[in-house]
Amino acid sequence: MTARADPDVIDFEELEWERFSRLPAEQQPEWPDREELRTNLRALPKHDLVTRESVDELRRELAGLDAAGGLILQIGDCVEDIDGEVSADTRKKLFFFERAREHLSDRTGRDVLTVGRIAGQYAKPRSQEHETVGGAPIPSYRGPIVNAPWPTEQARRPSPARIAYAHAAAQVSYQVLADHRRAGAGNRPIWASHEMLLLDYELRFLRRGGPGNHLATTHWPWIGARTNRIDGAHIAVAATLNNPVSVKLGPATAPEEAAGLAAVLNPGDEPGRLTFIARMGHRGIDALRPIVRAVHRRVEHVNWISDPMHGNTVKAAGGLKTRHVEHIAAELRSFQEILAEEGRRPAGLHLEATPDDVYECAEDSREPEDRTRYRTLLDPRLNPEQTTRVLDQWSA
Ligand code: PEP
Ligand code: CO
């Protein structure tokens, strides 16, 4: 799906919207009523969810981490559930992220920077626009900021009223993040990240000025594998940001295209500015080698992290989407080997994981069947024991 973002929804001058709106924007929902969308976007609270100062602080942390050989742990849900107790759920996730960080840090003796897929991981790209339910096609689920997960035509209709609902959930989560940070000297900051996908929403929170535009919805946005074309709107927006940015790269990425992205997104070759998230699949991981070579012919400073989840999704015999922990582990090991062979530093990992005792990823070929332990809104997540098992694949 290619849609053009709507020029009327935000203030042209403030947001340079005109420039972005001429570019192809993949994976935007087909809102039934653009006027209703505009009204809902205009009614959103105007204040920043994250401050420019906190983003600057993260950039300094990332630059320092690069110099000191520290690691990045990016972790959280595929898509956050905002229909439950957002505050309590967020606290539970932060506690889990903190345990995972400690585990990785203890194992490796390295400093670990934690970034959650949290406080805004609400919009999903989909490979199919529709799915078939009871013989009839209905729109795919695109995350709680767009539609509802239940498999009915009505629930899946994109609803602009959801934007305010999702924004309110983000505010609650950010409050928990702030409380967590204030709570004690022992608490390290946990940064927020999400896929910068839904342009109408994100551009509403883009502030001009400073050395670059400030994206006030998240500390650290990433661009997904389906929206990373170099001539697309998502990359054009990312290139203007002062926030650190990440881009997912899949096995079909042309090495020269990755090199082009590095040049566009990190023209000053600054440490900590750009992270590439490799999500190649355990069978496709060799594609990473020529990409790493091509990128480093153009820039020196890129953090390479591994998402060993998204290239390893398969359908279980019973029909549920799953990922085998052995495949995840294998990709993570190969990722580190390839980077080491290329003389580059593996800078960390990106996991879909939950504090809940689910069984969504398969272990030892035991595929998920029990619906009561399969609760993800979209992609299968690691439970805490599986998370530890995967972290243990990281060699110090
Ligand atoms: C995701 O991170 O949930 C996702 C959709 O990833 P990718 O863009 O790598 O497919
Ligand atoms: Co996912």
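All of these numbers come straight from a predicted model, not from anything done at the bench. (Residues numbered from 1 in each chain as written. Chains lettered and ligands numbered in written order. Predicted model: local features only at pLDDT ≥ 70, side-chain atom pairs only at ≥ 80, totals over all residues. Heavy atoms only, no water.)

Some details on the layout of surface pockets
Then, in step 1: Estimates place the volume of the largest pocket at around 1000 Å³.
Then, in step 2: Every residue lining the largest pocket is counted, 34 residues in all, and those nearest its centre are Arg126, Lys321, Leu377, Leu378 and Asp379.
Then, in step 3: Mapped onto the lining of the largest pocket, the elements with two or more residues apiece are strand 5 (130-133), strand 14 (313-315) and strand 15 (321-323).
Then, in step 4: When the residues that make up the lining of the largest pocket are grouped by side-chain class, the tally is eleven nonpolar, nine polar and 14 charged.
Then, in step 5: When its volume is computed, the second largest pocket comes out at roughly 360 Å³.
Then, in step 6: Every residue lining the second largest pocket is counted, 16 residues in all, and those nearest its centre are Ser54, Tyr174, Leu177, Ala178 and His219.
Then, in step 7: Contributions of two or more residues to the lining of the second largest pocket are made by helix 7 (161-182) and strand 7 (190-195).
Then, in step 8: A per-element tally of the lining of the second largest pocket places helix 7 first, with eight residues.
Then, in step 9: Each residue belonging to the lining of the second largest pocket can be placed in one class, and the counts come to eight nonpolar, six polar and two charged. (1 Å grid on protein atoms, 1.4 Å probe; cavity = no way out; pocket = protein on both sides within 12 Å on 5 of 7 lines; lining within 4 Å. Points joined across faces, edges and corners; volume = space filled by probe spheres on them. Helix = DSSP H or I, 4+ residues; strand = E, 2+ residues; numbered from the N terminus. Nonpolar A, V, L, I, M, F, W, Y, C, P; charged D, E, K, R; others polar.)

Things to note about the pattern of salt bridges
Then, in step 1: Applying the stated rule across the entire model yields 33 salt bridges.
Then, in step 2: A salt bridge links Arg181 to Glu57, with the nearest nitrogen and oxygen atoms 2.7 Å apart. Of the two residues, Arg181 is situated in helix 7 and Glu57 in helix 4 (residues 52-68); the sequence distance between them amounts to 124 residues.
Then, in step 3: Salt-bridge contacts for Asp111 lead to Arg188; the nearest nitrogen and oxygen are separated by 2.8 Å. On the criterion of sequence distance, the pair formed by Asp111 in the loop between helix 5 (86-108) and strand 4 (112-117) and Arg188 in the loop between helix 7 and strand 7 is long-range, its members being 77 residues apart.
Then, in step 4: Judged by relative accessible area, Arg188 falls into the partly exposed class, the value being 29%.
Then, in step 5: Put simply, Asp77, Glu80, Lys93, Glu360 and Arg381 are held in one network by salt bridges that share partners. (Salt bridge = Lys/Arg side-chain N within 4 Å of Asp/Glu carboxyl O. Buried < 20%, exposed > 50% of the residue type's maximum accessible area, 1.4 Å probe, protein only.)

Notes on empty space enclosed by the protein
Then, in step 1: In this structure the tally under the stated criterion is four cavities of 30 Å³ or more.
Then, in step 2: Volume-wise, the largest cavity comes out at about 60 Å³.
Then, in step 3: In this structure, the largest cavity is lined by Gly120, Tyr122, Ala123, Ile145, His194, Glu195, Leu197, Leu198, Tyr201 and Glu202.
Then, in step 4: Going through the elements one at a time, strand 7 and helix 8 (199-203) are the ones with two or more residues in the lining of the largest cavity.
Then, in step 5: Residue composition of the lining of the largest cavity, by class: six nonpolar, two polar and two charged.
Then, in step 6: The volume enclosed by the second largest cavity comes to roughly 40 Å³.
Then, in step 7: Every residue along the wall of the second largest cavity is listed here: Glu80, Asp81, Ile82, Val86, Asp89, Thr90, Lys93, Tyr122 and Ser173.
Then, in step 8: Tallying contributions element by element places helix 5 first for the lining of the second largest cavity, with four residues.
Then, in step 9: Of the residues contributing to the lining of the second largest cavity, the split by class is three nonpolar, two polar and four charged.

Focus on the site of ligand 1
Then, in step 1: Taken together, Cys78, Arg117, Lys124, Pro125, Trp222, Gly224, Ala225, Arg226, Lys248, Arg279, His310 and Glu352 form the complete shell of residues around ligand 1.
Then, in step 2: One nitrogen or oxygen atom from the side chain of Lys248 is found 2.8 Å from an oxygen atom belonging to ligand 1.
Then, in step 3: In isolation ligand 1 has 300 Å² of accessible area, and contact with the protein removes 98% of it.
Then, in step 4: With respect to the pocket detection grid, ligand 1 is positioned in the largest pocket.
Then, in step 5: Here the shell around ligand 1 is built from residues that sort into four nonpolar, two polar and six charged. (Near = heavy atom within 4 Å. Polar contact = N/O pair within 3.5 Å; in protein donor to acceptor, adjacent residues only side chain to side chain. Areas by Shrake-Rupley, 256 points an atom, 1.4 Å probe, with all protein chains shown as cover. Sits in = over half its atoms within 2 Å of the grid points.)

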